[in-house]
Amino acid sequence: SVNDFKAITSYRLNGAFTYDEVGPDGELKHGTVSEDSYTNQAKTYGKMFGITRQDIINDDMGALSSLPQRIGRGAGLKLNEVFWAAFLNNSSFFTTARKNYASGTATALGYDSLAAALVLFLNQTDPDNKPLGASPKLLLVPPALLVAAKQLYASTELRDTTASTKTPVANIFAGTYEPIVSTYLSNSTLTGYSAKAWYLLADPNDLAVMEVAFLN
């Protein structure tokens, strides 16, 4: 929540917060603190429609009664458009260097790729190279991957139909990562869209990947 339309900067403290052993003299060592910063800014969006008295009187089909609903829908569409445009324009956030991105044919959504993504997620570290300490909760997918995501979430068994192949049938991911779908992920009007890319995310109450500013 922000009070005006000025650009704001959010800070996240980093530093050596891990405790050191206290010796017999009781001396506590000083830690060092650094910070990461992120900028954000609230903007104004709107739409105005002019309706005359004649329009209202001549509206014998009741078409104008749906106008408030359409205006409300327009607000929701704009919020999603702004949010997902920022989310998908992530070339500086989801990167190999930050160890939160993987690509290639082996990353197509499935049991093995989800297992690899879990390892990638859990091995993430903070700016001080300490374990991030967060666990994934949500599996964000475009519509083309929704069925596959729900199968991984709902199926208690995964079977290999290859003859004479021994494979475990228990699905350890059953009921683990809740599938969330967004049509914007594969919407061709947005830079970075893809019908194949998917995301493993933490609970936003624990570790949010996006911040949205609203005027107070």
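Notes on the structure in this doc start here.

1. A few points about the packing of aromatic side chains
Taken as a whole and assessed by the stated rule, the structure comprises 9 aromatic pairs. Look at Phe-83 and Trp-84: their rings are 4.9 Å apart centre to centre, the planes differ by 85°, and that puts the pair in the edge-to-face class. Geometrically, the ring pair formed by Phe-94 and Tyr-199 is tilted, given 5.4 Å between the ring centres and 55° between the ring planes. With Phe-94 in the loop between helix H2 (67–88) and helix H3 (111–122) and Tyr-199 in strand S5 (residues 199–202), the pair connects residues that are 105 residues apart, well separated along the chain. A single burial state applies to Phe-94 and to Tyr-199, both of which are buried.

2. Points about H3
Counted at 1.5 Å a residue, the expected span for H3 with its 12 residues is 16 Å, and the 17 Å between its end C-alpha atoms agrees. Regarding H3, the residues found buried are Ser-113, Leu-114, Ala-117, Leu-118 and Phe-121. Along the axis of H3, the buried residues cluster in a sector spanning 145°; they form a single face. Where H3 is buried, its residues touch strand S3 (136–141), helix H4 (146–154) and S5.

3. Some points on the pattern of salt bridges
Within this structure, the stated rule accounts for 2 salt bridges. Across the pair Lys-78 and Glu-81 runs a salt bridge, and its minimum N-O distance is 2.7 Å. In this pair, Lys-78 and Glu-81 both sit in helix H2, 3 residues apart, roughly one turn of the helix. A residue is classified by how much of its surface remains accessible, and Glu-81, at 38% relative accessible area, is partly exposed. Taking the shortest distance from any N to any O, the salt bridge between Lys-137 and Asp-203 comes out at 3.3 Å. Separated by 66 residues along the polypeptide, Lys-137 in strand S3 and Asp-203 in the loop between S5 and helix H5 (204–207) bring together distant segments of the chain.

4. Some thoughts on the environment of Trp-84
Note on placement: Trp-84 falls in helix H2. Linking Trp-84 and Asn-187, residues 103 residues apart in sequence, is a C-alpha distance of 9.7 Å. The residues contacting Trp-84, other than those within four sequence positions of it, are Leu-140, Ser-182, Tyr-184, Leu-185 and Leu-190.

Conventions we followed
- Residues numbered from 1 in each chain as written.
- Predicted model: local features only at pLDDT ≥ 70, side-chain atom pairs only at ≥ 80, totals over all residues.
- Heavy atoms only, no water.
- Phe/Tyr/Trp six-rings, centres within 6.5 Å; stacked < 30°, edge-to-face > 60°.
- Helix = DSSP H or I, 4+ residues; strand = E, 2+ residues; numbered from the N terminus.
- Buried < 20%, exposed > 50% of the residue type's maximum accessible area, 1.4 Å probe, protein only.
- Expected span 1.5 Å × (residues − 1).
- Arc of directions from axis to C-beta.
- Contact = heavy atoms within 4.5 Å.
- Salt bridge = Lys/Arg side-chain N within 4 Å of Asp/Glu carboxyl O.

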